[in-house]
Every structure is written in C-alpha cells, then in structure tokens.
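For reference, the chains in residue letters:
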Amino acid sequence: MQNLDDNGVRPPHGVGDRDVRAYLESLTGPSRGNVTWLVHNALTVSVGENRNLSLRPKDDTPPHDNDIATLQWVDDSYTISAAPGRNVWVNGQKVSSIRLGFGDMVEFGEKGPMSRYRLCNHSFPAHHTVEDILSDAYAYARMSRRPFARRMSSALSDSGRRLASQTTILFRITVLAALLVIAGLVFLLYQNDRRLADSIEQEAHKIEAVAVMLAQTREDVLTPEDLAALRSAFENQVMSTEERLGTLEQQAGAPTRIIKASTQSVAFIQGAYGLRHIESGKLLRHVLGPNGETLQTPFGQPWIEPDAAGEPAEFQFTGTGFLLEGVPLLATNRHVALPWTSGDREKALKNAGLEAEMLRLFAYLPGHSEPIEANLDQYSEMADLALLSVDPGRVQGLGIPLADTAPRVGEEVYLLGYPTGLKALIAQAGRDFLKTVEEEGTINFWSIASRLSEQNKIQPLASRGIVARTSLGSLVYDAETTSGGSGGPALNRKGEVVAINAAILPEFGGSNIGVPVAHLKALLGEAESQ
C-alpha cells in the first residue's frame with residue numbers, strides 16, 4: 001500500500017506497474033484526495049482517531065482496535081468484509097461482505113472516510129478523467145449520510161479541486177481558455193450594458209434639455225390661435241408709441257420729443273440658437289420621415305439627432321436692446337443675448353452633453369426696412385447685461401446717452417421695449433396687416449418680422465413708472481411691461497438711460513427690476529480695455 005499527494009496520480013515508490021491491482025481514493029475526511037494503492041492479496045483496513053485511512057498486509061501484525069474491515073483479492077477484484085462489530089457501507093448499503101466492483105463507493109464506519117474503489121488493470125492511471133471526477137461527486141452527493149447542504153458543498157468543492165489538479169494539462173489549459181473567453185464576453189456584455197445605460201440616460205437628458213429650451217421658444221413663436229387671440233386681446237389694449245406718449249404728456253407733462261427720439265435707437269432683437277452634440281461635434285438636426293416631413297417624438301417634441309438629415313433645430317427667441325450713444329453697440333440683457341444661460345437651461349444642456357450655439361441674431365430698428373446682423377461683443381458675469389456689436393454704417397447718428405446719476409425714489413422713469421415680441425408688433429400693425437397674414441397663412445417667425453420691418457411697423461411700446469427702490473445692484477419701478485421687454489432702456493426725464501430692464505415681479509403688482517446704468521458703464525469700460 002502506498003499513498004499519493006493531491007497533485008495527481010503517479011506510481012508509488014518501489015511498486016512496479018505489474019504489482020498494482022486497484023486503489024482507493026478518499027473523497028472525504030482529512031485524507032481527502034489521497035490515493036491508497038492496493039498491491040497485496042490480503043489487507044487490513046484501519047481508521048485512526050484522525051479519520052485517516054490506512055492499510056497493511058493482513059498477516060503483518062495482529063488485529064487492533066482501529067481495524068474496521070479486510071480486503072481479499074478474489075477473481076480479479078477485492079472482496080471487502082466488515083470486522084466484527086464494525087459497519088461498512090458500499091454504495092449507500094450497509095454490508096457485512098461483498099465483492100467490490102469498479103467505481104463502488106465505500107464508507108468505512110460512522111467516522112471513516114468515503115472512498116471510491118477503482119481497478120487499475122495492472123497499470124497506473126496517468127490522470128483522472130472528467131467523467132470520473134464528476135461521477136465521484138455525484139455518487140458522494142447521492143450516497144453520503146451527511147446533511148444535504150454539507151453533502152452538496154463538499155461535492156462541489158471537491159470536484160472543483162480535482163478538476164483543477166488531477167486532469168490533464170491540455171484539459172486545464174482548455175478550461176482556463178474557455179473561462180477567459182467567458183470572462184471576456186461577460187466584460188463585453190457589461191460594457192455594452194453600461195454604454196446602453198449611458199446612452200439611455202444621455203437621451204433622457206437630451207429630451208429634458210430640449211423640453212426646457214422649447215418652453216421659452218413657445219412663448220415667442222406664432223400659431224394661428226395666437227393670431228386669432230391677438231385680434232381681440234390687443235384690439236382695445238395695445239396703443240402705439242405715439243398714443244402712449246400723448247397719454248404720458250397729458251398725465252405728467254413728459255418730454256415727448258426726447259422719448260420720440262429715443263425710440264429710433266430701441267431695437268427689436270430676434271434670434272435663434274441650435275444645440276451641438278459635444279461628443280460628435282455635430283448640430284442636432286430634425287429627423288425626416290419618408291416624405292421629407294419632420295418627425296416628432298412620442299412626447300410631441302421635435303425629434304432631433306446629431307446624424308439626422310433635416311435642417312438644424314432652431315430655438316427661437318425675442319427681446320429688446322438699445323443703441324449706445326457714440327459707439328456701434330447694442331446694450332441688452334445677458335439672458336437675451338445668451339438665452340440658454342438663464343434658469344436651469346445651462347445645467348440641462350450640460351447633463352445632456354450639449355452646448356448651445358447662436359445660429360442667427362438680428363436687430364430691427366424703427367425706420368429701417370432691413371434687419372441689422374448683431375454679434376455678441378461682451379457680457380457681464382456679475383450683472384444681467386450684454387453688448388452686441390453691429391455695423392457702424394447702419395447706426396450713424398443713433399444712440400441713447402447714459403445718465404451720470406441714479407434716480408431717486410419717487411422719480412418717474414419711461415420704459416421702451418417690445419413686450420410679448422411679435423404678437424404685440426402684429427397687433428400694433430393694425431387689422432389689415434393681421435388679416436393679410438391670416439389669409440396668406442405665412443405664420444413664420446422670420447418672415448413676419450421682415451414684413452413688419454419693410455412696412456415700417458417696428459415700433460417699441462412706451463410706459464411710465466415710478467421708482468420704488470434703488471440700490472447698487474437693482475432699480476425697482478412699476479412701469480407696465482411684460483416678457484419680451486427685457487433689455488429695454490429705462491429713461492429719466494432727460495432721455496438718459498438710468499437702468500436696463502431685466503425682470504418682472506408679478507407677485508409685487510407687476511413691478512420691474514432694472515440693472516442700474518453704472519453696471520453698463522463698467523461693462524463698456526471692460527470692452528474698451530480689450
């Protein structure tokens with residue numbers, strides 16, 4: 001009898017190939033994985049206190065207390081016989097004596113190990129086959145008298161150990177390669193899932209960003225319903241600049257001549273920006289259907305993608321600006337010149353991996369039939385102000401002077417601007433213009449502005465207010481205006497700019513907040529220094 005370590009099957013020292021008859025491989029206990037070689041005709045099997053299996057020639061020594069069975073070679077196999085008062089199980093059945101067959105599971109006593117009996121045909125097996133290892137695990141799990149959980153745990157761990165140590169090198173390399181391939185595939189699937197999740201999240205952010213941008217755009221675009229509403233809503237409410245100035249003159253003796261002169265320098269600003277996909281560097285474009293029509297998402301929003309074939313998606317806006325005396329610059333609000341920076345729009349764009357880009361920006365001046373192209377020159381990080389550069393040849397002799405001192409509480413201010421954008425301009429243009437637009441069906445953001453300009457119907461609205469509060473950062477007054485008037489000048493009785501209209505406070509009776517002119521002067525100083 002010889003033992004073997006856990007690393008594989010190899011001939012025991014001093015035993016020839018023709019001497020070995022069979023072997024027992026321990027599947028449980030401290031000797032698990034060891035092979036006990038059977039080379040004698042008669043053997044005594046003992047189980048020590050440490051549950052180790054040991055064999056000795058039957059005639060070598062007298063019996064002792066640890067003896068549990070004998071093995072006798074008869075007719076090309078061993079017969080096992082239980083010692084008096086001892087228990088032996090073969091294939092889960094308690095036996096007193098039985099001839100062992102190839103692959104039988106033998107359990108030596110209540111505490112002894114479970115072993116697999118194998119015949120060698122007078123030669124040493126070089127390695128265990130996968131079939132043998134899995135068969136051993138199955139037999140152990142089926143026949144062991146241990147609790148089910150322990151049986152399954154032992155069967156799985158032992159079969160794994162044996163597959164890793166007792167199979168051929170080629171098999172191990174093949175298994176390792178297969179595991180690496182599987183691991184690679186799992187990693188690729190994980191990466192694809194991550195990319196898919198990121199793509200879905202990016203698409204969700206894009207939809208959110210587009211929705212945020214469209215919320216403002218819808219306030220400026222025109223629909224047939226808007227025209228119908230304008231016909232009645234503005235009929236008795238909107239007055240031309242001249243009518244308002246007449247009212248102002250009657251109410252407060254305002255210097256209408258100065259205000260009339262200022263209106264020629266107050267511009268209606270119209271623009272549109274697009275969204276560029278940062279990763280691909282492409283503008284988002286409309287997805288087209290089979291007939292060239294622009295498609296929408298299930299949420300009713302324009303379907304826009306970087307690789308689409310349609311026109312770039314435009315997010316349109318309007319506002320007010322005014323020319324500065326002595327320089328070819330228009331002053332306005334930062335949120336007019338860079339509309340994507342206000343509110344939560346900038347954060348929505350960043351989350352969506354998008355950046356805004358101005359597509360076109362025009363300024364319409366009263367008395368000018370053609371728009372003037374404008375470009376961003378400077379903007380303030382601290383105040384809601386921006387400067388737009390225009391063609392000097394188009395604005396000669398125009399511009400509003402800036403006041404040297406801030407107004408006091410209780411003083412009057414006169415606000416000029418284009419509240420509600422195109423809607424108010426159409427209402428001011430009169431019933432005939434509105435009727436023509438409705439009949440022709442040319443409800444286009446750009447063409448309507450051009451037609452108004454050609455017909456000299458671009459005129460700002462004027463309103464009067466009282467200064468309620470002054471501070472270094474803001475000027476509060478109650479002049480009547482609404483959205484679209486942002487960026488317009490607030491004038492004193494001398495026709496000088498004292499503030500740039502920036503926001504409305506509807507919760508305070510329609511009060512407005514203006515940026516004091518001192519901030520505009522500071523921005524002009526920065527522009528000149530550059």
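The structure we're discussing is the one just above.
How each quantity is defined
- Residues numbered from 1 in each chain as written.
- Predicted model: local features only at pLDDT ≥ 70, side-chain atom pairs only at ≥ 80, totals over all residues.
- Heavy atoms only, no water.
- Helix = DSSP H or I, 4+ residues; strand = E, 2+ residues; numbered from the N terminus.
- Contact = heavy atoms within 4.5 Å.
- Areas by Shrake-Rupley, 256 points an atom, 1.4 Å probe, with all protein chains shown as cover.
- Core = buried A, V, L, I, M, F, W, Y, C linked by side-chain atoms within 4.5 Å.
- Buried < 20%, exposed > 50% of the residue type's maximum accessible area, 1.4 Å probe, protein only.
- Pairing = 2+ DSSP bridges.
- Salt bridge = Lys/Arg side-chain N within 4 Å of Asp/Glu carboxyl O.
- Phe/Tyr/Trp six-rings, centres within 6.5 Å; stacked < 30°, edge-to-face > 60°.
- Lys NZ or Arg CZ within 6 Å of the ring centre and 35° of its normal.
- Axes fitted to C-alpha atoms, helices over the stretch in contact; angles between N-to-C directions.
- Left-handed = near helix turned anticlockwise from the far one by under 90°.
- Nonpolar A, V, L, I, M, F, W, Y, C, P; charged D, E, K, R; others polar.

Novice: Explain the overall build of the protein residue by residue, including any values.
Specialist: Scanning the protein for helices and strands turns up 12 helices and 27 strands. Restricting the contact set of the protein to residue pairs at least 6 apart, pairs at least 24 apart contribute 64%. Surface exposure of the protein reaches about 26,600 Å², of which carbon and sulfur atoms provide 52%.

Novice: Would you mind going over the nonpolar core in detail, with residue names and values included?
Specialist: In this structure, Phe268, Phe322, Leu324, Leu387, Leu422, Leu452 and Leu520 are the most contacted members of the largest nonpolar core, which totals 41 residues. Sorting the residues of this core by element identifies β12 (266-277), β17 (329-332), β22 (412-417), α9 (422-429), α10 (431-440), α11 (445-454), β26 (497-505) and α12 (517-529) as the ones contributing at least two each. Ignoring anything within four residues of it in the chain, the contact list for Leu520 reads Phe322, Leu324, Ala331, Leu385, Leu387, Leu402 and Ile500.

Novice: Quick rundown of the side chain of Thr79? Include the residues and the values.
Specialist: Structurally, Thr79 is set in strand β6 (residues 77-82). When sequence neighbours within four positions are dropped, the list of residues in contact with Thr79 reads Thr70, Leu71, Gln72, Val74, Ser97, Ile98 and Arg99.

Novice: Tell me about the pairing of strand β23 (residues 461-470), and name the residues and values.
Specialist: Where β22 lies against β23, 6 bridges are found, and the strand directions are antiparallel. When the bridges of β23 are listed, Tyr414 appears paired with Arg464. Here β23 runs beside strand β24 (residues 475-477); their pairing, made up of 3 bridges, is antiparallel. Following the sheet pairing, Thr470 is matched in β24 by Leu475. Two successive antiparallel strands, β23 and β24, enclose a turn made up of 4 residues.

Novice: Go over the pattern of salt bridges, please, and point to the residues and values.
Specialist: According to the stated counting rule, one finds 8 salt bridges in the structure shown. Its salt-bridge partner being Asp404, residue Lys521 comes within 3.3 Å of it at the nearest N-O pair. Of this pair, Lys521 sits in helix α12 while Asp404 sits in the loop between β21 (386-389) and β22, and the two are 117 residues apart along the sequence. Overall, the relative accessible area of 32% leaves Lys521 in the partly exposed class. For Asp404, a relative accessible area of 69% puts it in the exposed group. Within the structure, one salt-bridge network assembled from shared partners comprises Glu412, Arg464 and Arg493.

Novice: Outline the packing of aromatic side chains, listing residues and values.
Specialist: Overall, the coordinates contain 9 aromatic pairs when judged by the stated rule. For the ring pair Phe362 and Trp446, a centre distance of 6.0 Å and an interplane angle of 85° mean the geometry is edge-to-face. One end of the pair, Phe362, is in strand β18 (residues 354-364); the other, Trp446, is in helix α11, and 84 residues separate them in sequence. Here the aromatic residues Tyr273, Phe315, Phe317 and Trp340 are joined through ring pairs into a cluster of three or more. Directly above the aromatic system of Trp73 lies the positively charged group of Arg21, at a separation of 5.2 Å from the ring centroid.

Novice: With reference to specific residues and values, describe the environment of Pro63.
Specialist: With respect to the element layout, Pro63 can be found in the loop between β4 (53-57) and β5 (67-74). The exposure class assigned to Pro63 is exposed, which follows from its relative accessible area of 73%.

Novice: So what's going on with the sheet that holds β4? Which residues, and what values?
Specialist: Read across the sheet, 5 strands follow the order β4-β3-β5-β6-β9 without closing on themselves; strand pairing throughout is antiparallel. Every interior strand has two partners, whereas the edge strands, β4 and β9 (97-99), have only one. In this sheet, adjacent strand axes meet at a mean angle of 25° when their direction is disregarded. Here strand β3 (residues 42-47) runs beside β5; their pairing, made up of 5 bridges, is antiparallel. Considered in β5, the bridge of Ser46 is made with Asp67.

Novice: Can you tell me about the packing of α10 against α11, naming the residues and giving the values?
Specialist: Between α10 and α11, whose axes approach to 12 Å, the crossing angle comes to 145°. Viewed along their axes, α10 and α11 form a crossing whose handedness is right-handed. Across the interface between the two elements, Phe433, Thr436, Val437 and Glu440 from α10 touch Ile448, Arg451 and Leu452 from α11. Taken together, the residues of the contact of α10 with α11 break down into 4 nonpolar, 1 polar and 2 charged.

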